[in-house]
Amino acid sequence: MARWFLAAWLLVTAIAVQSLIVPRGYRLDLHPYPGDGVFKGKVRIDIINTGNQSVDSVTLDVHSTLNVVDREVKVTRVANLDSSEEDEVSMEETSLTVTKLEKRKDIHKFQITTKQSLKKDVTYQVEILFDGTLGSDSSSPFYQSTYSNSKHSQLKKWYVAMNLLKGGGAHYVFPCFEKPNLKTWIELSVAHKGDFHVLTTMPLVDTTNVTSEGVWVRDHFSRSPPMSVNSLAMFQSDFKHPPMGENNGAKVGVWGKEDILRSLNTAQKMLPAVLVNLELYMSRPYPLPELNLVALPGYTDDKPIDAWGLQMFREVDLYKKRDDFWVAHLLAKYTSLQWTEHLTTPLFPTSLTLALSKFLADKVAWQLEKPVFNSYVSDMYGMYLEYDKPGFTEIKSQMEALNATKIRFVLGMLEHIFGPHSFRQTIQYFMSSKEYHAYSETDFWNKLSDGAYHAGVLIRNKTPVSIEQIVRPWLQADRLPVVTFRRNYINSTVQVMQEPFVLNDDEDDVSSPAKNTKNYLWWIPNIVVSQNNLTVPVRNISWLKPIASQEVEMKQYNFTNNQFVLFNPGSLGPFIVNYDLKNWELIAQHSKRFPVSIRQQLLHDSLTLALSGRLCYVYAFNVSKLIEQEPEPAVWKTYFGLATRLRTKFQGTPVAPKYDIYLKKMLKSVNAALEQPERSESSWKANFRAENKRLLCETGHPTCLTEARDVQSRTNTSNPDEDKLFLDNYLCILLGYGTLDEWEFGLHRIMYYPKNKSQTERLFIFRSLASCPKNETKFVRMLNLTLMSGDHKFSEEDMLTMLTVMSTVSLGHETMFKFMMKNFEYLSTKLEKTVWEYFVKTSFNNFRTEEGLNKATEFYQRNKRHFVSVDDIIKNALEKVRIQVDWVKKHLTPLDGWLTNALQEPWRPHEFQFRDVPSFVVG
């Protein structure tokens, strides 16, 4: 025990002493050998002892895979011409004697001990030679890969790229002090063959020959401003760029292979304007002489390799033809990191950095190119679904993306409460206080608190006392809230209740809304508008405390009992709002058109609440009836996703065919407004057209099959973009409404699917084969091939996937049950136990009608002796069906009547001009 205590004490002491040794500059020489897969280098680190006492050791970060040449390690006292010491020792460069080198591979540390002490406030230089191995892909911090300059060229060339932030850190590549707060200048030189060039953080200042013939040369780059070592990057290639732009003296370039240069023009032209707008928002100039973006072949991550002055993207992100808003948003999202990740640097990995970049991207892209759809709103509504996906907390990258998106919503909410000008000034205040330094999340929220008191958003000695107190519940919860706003029509008060929102898509128990077991509560902004004044307040906004239920006085809003009230208008905060039924009625009866953002919110909130069991479908459909005369694409975009979920919810019930007819009538108006596609139309319009057509075709629109066949005949399956367009938007139509031969065409694709191709695409086609058919014959064919055939073309996982997707389609489920009735003796003996039990479960438990329940019960009772091994499964399935049948009677019977009446009303097709401009700007 004593030895363990001593070891722990020595480690703590060493770390404490080491924290007093800080870097004052790096001179880094690198020599990668692409093709050979190795690199070597030398680093000279100027260090200084900032403590109050002398020390005799220096500890550096060095990964165990990096080889240090021990005999070449040197420590030198640097001559100090400005020293005030009377002796002349400080005027001379002095070598120190290295007595011990210790490499701690378990903690990736390298300790150098010297005979002489390192004195306080004296500069020393540590010189180390090292070598290592180049990785083979972008998961490595320093790697090599190949490319060719055209599709037809057989000549492969090597490039070398550095990926420190995502690859694990600079200590994989060179000895260093890796803590983000230990910022200092870096001078880099890189040796390479003469027909290549190097991009890095700083511009080139000189080139010297390594070999006398100049076959190998060394590029020397200028000294950087203070930076974290993990902000460094380099890229070696023979890439070219379109004509470069300038931004207040800083050169900005987009680089790529020769065969894609013309396609990089949009990004190259947009980049200077993006930088200017970022500079204006943050009131800080771009801090480096250059910014270079690279379209990197073979790179597949949707997040670029990010470093100071150099960022490397997927090729498709920089050269694919997209609308200008998309390009501006992408460039702003990641170039903003030049300020928030590098000029100032987070002490620890945090979702706040990406959230800030999303927030800034929205601001900049809106300044440059007005979008047609408010992606901010769409992303917010998508969050409720993401949080209900099973196992979402287990996927780290998915959780990080969700957290960043959520924080971005919180920043948007705070911006409204501060006011755009005050919020922007507060962001500028944060940047000015932390440039060339590191920051924590608390630092950021504290600066926002200072700005909030200055702007009057927070008041001294009143709760909440800080912005961090407000945002902490939002950041910690893995849910978003639903707030119920229940009016008291006698005394003008409102009972406000909040709870985590859970979407109850699992119908094992649909008798009541799903509840989250975690007791999350939030600070909620009290933003209210009423029928007599829809102007959203921007000053003196109070906060509702994080308690489950509270009574709030509403007299100051001056509305009558016959006027509706809207809480959180236009989804200013990331939460859903429910009301008492009378208020929902008043909203539905409103004859004037609401602003676009409120129409989106009312559609989303009412139908989502109905889908989660918190609102009667009839009330939700009364509110959503506004979609029947909707001219704005942004509102339709919100409705498309909801309509898809409603169709799924109604599968196998009497409501399903009626809702399809109702939906088809509305979508035909949108289809007519879109008119015929044009070559020059924007990508967003083409995507919107495809989304509308897909939903329209699912309802049985007669022209869809002809169009799907036409697109298939023109699709080059070897072109990934063309093939994806066909698969995403037309495959299901062809498999569903086409001939059996056309369905077999899809089957042939997966039965002989190449093993070296993406298995995600195979899974998509396989799921489509099992869920898209509109006649029983195709479903029976699928069941025979997967379950009854002995050629082993399909795995057990394939069988389970097929049963899952087929059972979600009403006709598919009916066919499965008939197939089991006919073949259950064979299936029960020949199928693997897991597959047989799952087949029984999915065949029995998806009936939604009394007739289906009776049929399943009768078959079970008649053949009970054959189902002994799965008796409990069947009983549980039938119990689930009883619950579902009761739920359908209770919740969907009123909607059945609503749809019957709606379809009997004279239907006047809604004719409107589809507006190719931002709907929420003009609306």
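Because the structure is predicted, anything quoted here is derived from the model rather than measured.

Caption draft 1: Spatial organisation of the sheet that holds strand β8 (residues 109-118). If you walk across this open sheet you meet the 3 strands as β3-β8-β7, and the pairing is antiparallel. With one partner strand each, in any of the chains shown, β3 (55-61) and β7 (98-104) form the two edges of the open sheet. Across the sheet, the mean angle from the axis of one strand to that of its neighbour is 20°, orientation sign disregarded.

Caption draft 2: Focus on unusual backbone geometry. Between Thr463 and Pro464 the backbone carries a cis peptide bond, its omega angle lying at -5°. In this fold, Pro464 is placed in the loop between α11 (441-455) and α12 (467-476). The phi dihedral of Ser283 is positive, around 55°, even though this residue is not glycine. Position of Ser283 among the secondary structure elements: in the loop between α3 (265-282) and β19 (290-296). By relative accessible area, which is 44% here, Ser283 ends up partly exposed. Here the phi dihedral of Ser571 falls at roughly 55°; this positive angle occurs in a residue that is not glycine. Along the chain, Ser571 turns up in the loop between β30 (565-567) and β31 (576-579).

Caption draft 3: Structural view of the sheet that holds strand β10 (residues 142-147). On the basis of which strands lie adjacent, the open sheet formed by 4 strands has the order β10-β11-β16-β13 and antiparallel pairing. Looking at strand neighbours, the two that pair on one side only are β10 and β13 (197-200), the edges of this open sheet. Strand-to-strand twist of the sheet, defined as the mean angle between neighbouring strand axes without regard to direction, takes the value 20°. Direction of pairing for strand β11 (residues 157-162) relative to strand β16 (residues 234-237): antiparallel, over a ladder of 2 bridges. Bridge pairing links Ala161 to Phe235 in β16.

Caption draft 4: Representation of the pairing of strand β14 (residues 204-209) within the structure. With 5 bridges joining them, β14 and strand β15 (residues 216-221) adopt antiparallel strand pairing. Of the residues in β15, the one forming a bridge with Leu204 is Phe221. Following β14, the chain reverses through 6 residues before pairing antiparallel with β15; Gly214 in that reversal takes a positive phi of roughly 80°.

Caption draft 5: Geometry of the domain arrangement of the protein. Annotation of the protein at the domain level lists domain 1 (21-79 + 94-238), domain 2 (240-371 + 394-475), domain 3 (482-503 + 510-650) and domain 4 (701-838). Each of domain 3 and domain 4 was reduced to a C-alpha centroid, and the two centroids are 40 Å apart.

Caption draft 6: Expanded view of the pattern of salt bridges. Following the criterion strictly, the structure yields 38 salt bridges and no others. Between Lys257 and Glu315 there is a salt bridge, and its shortest N-O distance comes to 3.5 Å. You can see Lys257 sitting in the loop between β18 (250-255) and α3 and its partner Glu315 sitting in helix α4 (residues 315-319), a full 58 residues away along the chain. Exposure class is identical for Lys257 and Glu315. Each is buried. Between Glu761 and Arg749 there is a salt bridge; the shortest N-O distance is 3.2 Å. Separated by 12 residues along the polypeptide, Glu761 in helix α23 (residues 759-771) and Arg749 in helix α22 (residues 740-751) bring together distant segments of the chain.

About the cut-offs
- Residues numbered from 1 in each chain as written.
- Predicted model: local features only at pLDDT ≥ 70, side-chain atom pairs only at ≥ 80, totals over all residues.
- Heavy atoms only, no water.
- Pairing = 2+ DSSP bridges.
- Helix = DSSP H or I, 4+ residues; strand = E, 2+ residues; numbered from the N terminus.
- Axes fitted to C-alpha atoms, helices over the stretch in contact; angles between N-to-C directions.
- Buried < 20%, exposed > 50% of the residue type's maximum accessible area, 1.4 Å probe, protein only.
- Domains from an automatic or database assignment.
- Salt bridge = Lys/Arg side-chain N within 4 Å of Asp/Glu carboxyl O.

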